[in-house]
Amino acid sequence: MKRIELLAHQMEFCADMSSPYIAMCAGFGSGKTRAFAIKHILLASRNVGYIGAALTPTAAMARDLVQPTLEELLELAGIDFKYRASPLPEYVLYFPNGKSKLLVRSFENWRRLRGLNLAWFGVDEADTVNADVADAAWKTMISRVRVGPVRQCFATSTPEGFRWMWRTFERDARNPDGSPRTDRRLVRGRTYDNPFLPASYIESLEQNYPPALIKAYLEGQFVNLTSGQVYNAFDRKLNHCPSQLRLNDRLHIGVDFNVGATSAIVHIVIGLDDGRWVGYRPQTNREALSTKWEQAHAVAEFQGMTDTPALIAAIKQRFGTYLTGRQIVCYPDAAGNHTDATNASESSLSLLRQAGLMVDGPSANPLIKDRVTAMNAMFLNGQGIRRYYVNSQACPLYVEALEQQAYDPKTGKPDKQNGHDNRGIDAAGYFISYRYEARERKMHSVSLSLVHGRR
Ligand SMILES: Nc1ncnc2c1ncn2[C@@H]1O[C@H](COP(=O)(O)OP(=O)(O)OP(=O)(O)O)[C@@H](O)[C@H]1O
Ligand SMILES: [Mg+2]
């Protein structure tokens, strides 16, 4: 095999062929998929005449990320291979002393792999799968690895809190008497350790993720992502601004429809416009002043409205002049496209439009997790910059809800029992996540020159 350069953590992971179970727990873009592909090639070369399996949570992830990387590396290493796409994808790798086979399968559909006898298998992005599913799949898969001279089971992933990877490689790494188990090993890597990433990649992650997620997603640490305060980047004092509305401001209103508890949070956005500072200049955060980034300021709240018409009436009463000037844009719960709960003939969105409010936003709601991430990153990002300020005098209930909403230990989702989500959190989240959504974080690996099945 020709020489392929490896980063230190990739080397540690790939060179260990003796630990029965080995995992690489590492940040986004740290070189996991590349190490994953190299490990398959190495194990295939040591297990000539046998079969291995490359698993990804979904078939699409294999096609888009793992297969191009694998093919690029096989080319680089000068190893001949043949690809067959159907009935299920598989590679045959040709070595001087014989050939071995690599099946490409979905980790979530592990039940279909039951009848196999494997020498090795590996799963990429293992922690993105539900922990119980991953556990069942892993246990079944390790029972299939029972032939070949160099048997090994491995996983690569960015950690998603205390999930499958933590359970398997950290919690269960010790025997009940406290002595370390010798059958498993965890290798760690950080995004910062990969010099091949474009310079802007880390910077953009730091801008788009709050500090807790930076620890998990860049440093590859196990961080509890689903317990305690949901908006943990929010600080009542540091995220406070005394901003007031001015006549020429445009109002950006996040709206959440709930029967008897419709809420809305009114924002203005400010930033450098033609080199001139527009809007309130925060005195608290020097760094924010020196950035080119826009800020959002929450300046008013509507709470506990009975229904959409009541909210519209309240907006008209309070901000009538802005409405006449067509200066109001609403960002509603996308589910409001359905019929309004208390007004069976019209949808909430069409009621807003009929009242002269502009409506913007995505056609489907963002994932809760992405909405929370966008809010937290705006409150405080990985570069220490706060871009979302809340006037705590003008929005007292919203601020209280931000401080108090916790994760529900039963579901691992933001708690709905105490009604915090009805006090403007979801409303504001629709606006913030739509306007400041984190950019796609995946590195798109590109297949160099390969066409499937060209042999
Ligand atoms: N040893 C290496 N030599 C050259 N380039 C490398 C090496 N390791 C990683 N890279 C490059 O760095 C980038 C990220 O690598 P890779 O896709 O393997 O990371 P990842 O951790 O799987 O990323 P993601 O979190 O997006 O899944 C790719 O462009 C890859 O080609
Ligand atoms: Mg990857």
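Residues numbered from 1 in each chain as written. Chains lettered and ligands numbered in written order. Predicted model: local features only at pLDDT ≥ 70, side-chain atom pairs only at ≥ 80, totals over all residues. Heavy atoms only, no water.

By the naming in an unreviewed UniProt entry, the chain is Phage terminase large subunit, taken from Gloeobacter kilaueensis.

This part takes up the packing of helix α11 (residues 368-379) against helix α13 (residues 425-436). As a packed pair, α11 and α13 sit with axes 8 Å apart at the nearest point and diverge in direction by 80 degrees. Relative to α13, the element α11 lies roughly perpendicular. Facing Arg371, Ala374, Met375 and Met378 of α11, the residues of α13 in contact are Ile425, Asp426, Ala428, Gly429, Tyr430, Ile432, Ser433 and Tyr436. Here the residues of the contact of α11 with α13 are counted per class, giving 8 nonpolar, 2 polar and 2 charged. (Axes fitted to C-alpha atoms, helices over the stretch in contact; angles between N-to-C directions. Helix = DSSP H or I, 4+ residues; strand = E, 2+ residues; numbered from the N terminus. Parallel < 35°, antiparallel > 145°, perpendicular 65-115°, else oblique. Contact = heavy atoms within 4.5 Å. Nonpolar A, V, L, I, M, F, W, Y, C, P; charged D, E, K, R; others polar.)

Attention now goes to the nonpolar core. Formed by 33 residues in total, the largest nonpolar core has its most connected members in Phe13, Leu70, Leu74, Tyr91, Leu93, Trp120 and Phe154. If you list the elements that add at least two residues to this core, you get α1 (8-15), β1 (21-26), α2 (32-46), α3 (59-77), β3 (80-84), β4 (90-95) and β5 (98-106). A per-element tally of this core places α2 first, with 7 residues. Not counting the four nearest positions on each side in its chain, leucine 70 is found in contact with Ala37, Ile41, Tyr91 and Leu102. By size, the runner-up hydrophobic cluster in this structure holds 28 residues, among which are Val230, Ala233, Tyr331 and Phe431. (Core = buried A, V, L, I, M, F, W, Y, C linked by side-chain atoms within 4.5 Å. Buried < 20%, exposed > 50% of the residue type's maximum accessible area, 1.4 Å probe, protein only.)

The next thing to look at is the pairing of β3. A one-sided burial pattern is seen for β3, the buried positions being Phe81 and Tyr83 and the unburied ones Asp80, Lys82 and Arg84. Where β3 meets β4, 5 bridges bridge the pair, whose relative direction is antiparallel. Paired with phenylalanine 81 across the two strands is leucine 93, which belongs to β4. Hairpin connection of β3 to β4: 5 residues between the antiparallel strands. (Pairing = 2+ DSSP bridges.)

Time to look at unusual backbone geometry. Between serine 86 and the following residue, proline 87, the backbone shows a cis peptide bond with an omega angle of 5 degrees. Note that proline 87 resides in the loop between β3 and β4. In this structure, glutamate 125 takes a positive phi of about 55 degrees despite not being glycine. Relative to the helices and strands, glutamate 125 is located in the loop between β6 (120-124) and α4 (131-144). Although it is not a glycine, arginine 326 sits at a positive phi angle of roughly 50 degrees. Among the secondary structure elements, arginine 326 is positioned in the loop between α9 (308-324) and β13 (328-332).

This part is about the packing of aromatic side chains. Per the stated rule, a full pass over the model turns up 21 aromatic pairs. With centroids separated by 5.6 Å and ring planes inclined at 85 degrees, the aromatic side chains of tyrosine 209 and tyrosine 217 adopt a geometry described as edge-to-face. Residue tyrosine 209 is classed as buried on the basis of its relative accessible area, which comes to 9%. With a relative accessible area of 3%, tyrosine 217 lands in the buried category. For the ring pair phenylalanine 431 and tyrosine 436, a centre distance of 6.2 Å and an interplane angle of 80 degrees mean the geometry is edge-to-face. Phenylalanine 431 sits in the buried class, given a relative accessible area of 0%. Using a relative accessible area of 11% as the deciding quantity, one classes tyrosine 436 as buried. (Phe/Tyr/Trp six-rings, centres within 6.5 Å; stacked < 30°, edge-to-face > 60°.)

Pairing is mixed in the open sheet, where 8 strands are placed in the order β3-β4-β5-β2-β6-β7-β1-β8. Pairing within the sheet leaves two strands with one partner each, and these edge strands are β3 and β8 (184-189). Pairwise comparison of adjacent strand axes, ignoring direction, gives a mean angle of 15 degrees for this sheet. Sheet topology note: the strand β2 (residues 51-56)/β6 ladder contains 4 bridges and is parallel. The residue of β6 that forms the bridge with leucine 55 is valine 123. Relative to β6, α2 is tilted by about 170 degrees, and along the sheet it contacts β1, β2, β4, β5, β6 and β7 (152-157).

Right, let's get into the pattern of salt bridges. Following the criterion strictly, the structure yields 18 salt bridges and no others. Between arginine 188 and glutamate 170 there is a salt bridge, and its shortest N-O distance comes to 3.4 Å. Here glutamate 170 lies in the loop between α5 (164-169) and β8 and arginine 188 lies in strand β8, a separation of 18 residues in the sequence. Linking arginine 236 and glutamate 403 is a salt bridge whose minimum nitrogen-to-oxygen distance equals 2.9 Å. Of this pair, arginine 236 sits in the loop between α7 (211-217) and β9 (251-256) while glutamate 403 sits in helix α12 (residues 396-404), and the two are 167 residues apart along the sequence. The class for arginine 236 is partly exposed, based on a relative accessible area of 38%. (Salt bridge = Lys/Arg side-chain N within 4 Å of Asp/Glu carboxyl O.)

For α3, with 19 residues, the first-to-last C-alpha span of 25 Å sits near the 27 Å given by 1.5 Å per residue. The largest bend in α3 comes to about 40 degrees, at valine 66, with the proline proline 68 one to four residues further on. Within the sequence span of α3, burial applies to Ala62, Leu65, Val66, Gln67, Pro68, Thr69, Leu70, Glu71, Glu72, Leu73, Leu74 and Ala77. Where α3 ends, the next residue or the one after it, glycine 78, has phi of about 70 degrees, a positive value. (Expected span 1.5 Å × (residues − 1). Bend = angle between axes of the 7 residues up to and from the residue.)

Moving on, we come to the pairing of β9. Across the 6 residues of β9, 6 count as buried, placing the element largely inside the fold. Here β9 shows no split at all, with Leu251, Ile253 and Val255 on one side and His252, Gly254 and Asp256 on the other all buried. Here β9 runs beside β13; their pairing, made up of 5 bridges, is parallel. Bridging across to β13, valine 255 finds its partner in proline 332.

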